[in-house]
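Chains, contacts and geometry: an overview
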Amino acid sequence: MTDQITLVSNDLRATVSPHGARLETLSYQGSASLTLHADPTLHPTWRDVYPGAIVGPVANRVAGGHVPIGDAIHHMPCNENGISALHSGPNGLDQQMWQVVHQTSNEVHLCALLPHETGGLPGTRAINVHYKVEGATLTLSITAVTDAPTPINIAHHPYWRLGDTRDHRLQIPATHYLPVNGDNIPTGQTAPVANTPFDHGHPKQLDPSVDHNFCIKTAASNVPTRLATLHGSDGLALRINSTEPGLQVYAGAHIPTLPGTDIAPFAGIALEPQGWPDAVNHPNFPPILCAPGRPYRQITQYCIGRDT
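Let us look at the structure shown here. Not measured: the values here are computed from a predicted model.

About the thresholds
Residues numbered from 1 in each chain as written. Predicted model: local features only at pLDDT ≥ 70, side-chain atom pairs only at ≥ 80, totals over all residues. Heavy atoms only, no water. Helix = DSSP H or I, 4+ residues; strand = E, 2+ residues; numbered from the N terminus. Rg over C-alpha atoms; globule rule 2.2 N^0.38 Å. Buried < 20%, exposed > 50% of the residue type's maximum accessible area, 1.4 Å probe, protein only. Contact = heavy atoms within 4.5 Å. Areas by Shrake-Rupley, 256 points an atom, 1.4 Å probe, with all protein chains shown as cover. Lys, Arg positive; Asp, Glu negative; His and termini not counted. Charge placed at Lys NZ, Arg CZ, Asp CG, Glu CD. Pairing = 2+ DSSP bridges. Axes fitted to C-alpha atoms, helices over the stretch in contact; angles between N-to-C directions. Phe/Tyr/Trp six-rings, centres within 6.5 Å; stacked < 30°, edge-to-face > 60°. Core = buried A, V, L, I, M, F, W, Y, C linked by side-chain atoms within 4.5 Å.

To continue, consider the overall build of the chain. Helices and strands together make up the secondary structure of the chain, namely one helix and 25 strands. Against the 2.2 N^0.38 benchmark of 19 Å for 308 residues, the chain shows a C-alpha radius of gyration of 18 Å, consistent with a compact globule. For the chain, the spread of C-alpha atoms along the principal axes amounts to about 55 × 50 × 40 Å. Residue burial in the chain is summarised as follows: out of 308 residues, 56% are buried. In the chain, once contacts between residues fewer than 6 apart in sequence are set aside, the share between residues at least 24 apart is 63%. Taken as a whole, the chain presents about 12,500 Å² of accessible surface, with 51% of it coming from carbon and sulfur. Taking the 16 positively charged and 24 negatively charged side chains of the chain as two groups, their mean positions are separated by 6 Å.

Have a look at this one:
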């Protein structure tokens, strides 16, 4: 087993790191990487924006780190301006050194164990991630089990770039999105995308201020649904299918500038299938509580091809 794992199919070449279970690079038919190089050792400010990592166990923002479960209130560490827990705080899944359980030429299985009260949350939690390349599709399968009721909402956080990101056109089959307050935390309402910058019913450029969740109607919990199609300037297209009910879209405004690299603000776009952010504090949002006998499962497919 090595620190960097290479997976190969006829069309794809992926590199995966056990540090954060990161997808470091993904190439299609010999292309440059379609994701920004997710080596977290390039610079601390790069690591701090979660490139390529598996984030969680509760992805996105939780207001005040406040997590009610039954009659108890749990407190996650607030690592974003002291007012929200972002991606489960400073000791989330992105900071774990995952165990490589099994690997072949085209797939790898990684596992992380979070002891009870890690990140302020109850339950001993076992999280398993499988990356597999077949043809032009990278499939990411994530499962989690717990011995006590606990929220689970895991997301994958690569920054995509299909050629010149200024020419990206994004299509999302969502009729609603989640408005946020000044701290980027959902207000608890849903709003129609019609006649707003969030209307991506047809492919169009992304508004640079976007860091929002799009609400997706999933077909069934175990059947991936199309969440988005990203069209690039080089004739490539990325289609994302997932079982998750939300897609967090982040235009990359706060990506740091790393001299000597192609990493800079807006150099990539984050498209993160996940549950709705801050769902623990909004009973009207799809629930994210996992419990003994009720495991968590996500399937996300990244399908690469030429625009037609």
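With that settled, consider the sheet that holds strand 19 (residues 211-215). What the six strands build is an open sheet, ordered 15-23-22-19-17-18; its pairing is antiparallel. Edge positions in the sheet fall to strand 15 (159-160) and strand 18 (191-192), since each of these pairs with one other strand and no more. Bridge analysis of strand 15 against strand 23 (residues 269-274) gives two bridges, and the strand direction is antiparallel. Considered in strand 23, the bridge of Y159 is made with A270.

So, about the sheet that holds strand 2 (residues 12-17). Backbone hydrogen bonds hold the strands of a sheet together, and the pairing may be parallel or antiparallel. One open sheet holds the three strands; their spatial order is 1-2-3, and the pairing between them is antiparallel. Looking at the sheet topology across the chains shown, the edges are occupied by strand 1 (5-8) and strand 3 (22-28). Ignoring strand direction, the axes of neighbouring strands in this sheet form an average angle of 15°.

Attention now moves to the packing of aromatic side chains. Enumeration according to the criterion identifies six aromatic pairs in this entry. Among the aromatic side chains, those forming a connected cluster through ring pairs are W46, Y159 and Y250.

This next bit is on the environment of I127. Of note, I127 is situated in strand 11 (residues 125-134). You can call I127 buried: its relative accessible area is 0%.

Now for the environment of G20. Relative to the helices and strands, G20 is located in the loop between strand 2 and strand 3. When the C-alpha positions of G20 and V55 are compared, they lie 7.8 Å apart, and in sequence the two are 35 residues distant. Apart from residues lying up to four places away in sequence, G20 is in contact with A53, I54, L93, D94, Q96 and W98.

Turning our attention to the pairing of strand 21 (residues 236-242). With respect to burial, strand 21 is a largely interior element, six of its seven residues being buried. Summarising the sheet, strand 20 (residues 225-231) and strand 21 pair through six bridges and their orientation is antiparallel. Opposite A228, over in strand 21, you have I240 as the bridge partner. The hairpin formed by strand 20 and strand 21 contains four residues between the paired strands, and G235 there has a positive phi angle of roughly 85°. With seven bridges connecting them, strand 21 and strand 25 (residues 296-306) associate as antiparallel partners. Paired with R239 across the strands is C303, a residue of strand 25.

Take the nonpolar core next. I54, Y131, V249 and L271 are the most contacted members of the largest nonpolar core, which totals 57 residues. Not counting residues up to four positions away in its chain, the partners in contact with V249 are L170, I172, L206, V210, D211, H212, F214, I269, A270 and L271. Counting residues in each nonpolar core, the second largest holds 14 residues, with V62, V67, W276 and F285 among its members.

Quick look at unusual backbone geometry now. Looking along the chain, the bond that leaves G56 and enters P57 is cis, with omega of 15°. Tracing the backbone through its elements, the reader meets P57 in the loop between strand 4 (53-55) and strand 5 (61-63). Backbone geometry places S88, a non-glycine residue, at a positive phi of 75°. In this fold, S88 is placed in the loop between strand 8 (84-86) and strand 9 (99-103).

Another aspect to go through is the environment of R297. In this structure, R297 sits in strand 25. Spatially, the C-alpha atoms of R297 and I154 are 9.3 Å apart, while their sequence positions differ by 143 residues. Contacts of R297, omitting those with residues within four sequence positions, involve I142, T143, T243 and E244.

What follows is about the pairing of strand 6 (residues 66-69). Burial of the side chains of strand 6 is restricted to one face: V67 and I69 are buried, whereas none of H66 and P68 on the reverse face is. Relative to strand 7 (residues 72-75), strand 6 runs antiparallel, the two being bridged by four bridges. Residue pairing in the sheet places V67 in a bridge with H74 of strand 7. Remark: two residues form the turn of the hairpin made by strand 6 and strand 7, two consecutive strands paired antiparallel; G70 in that turn has positive phi of roughly 60°.

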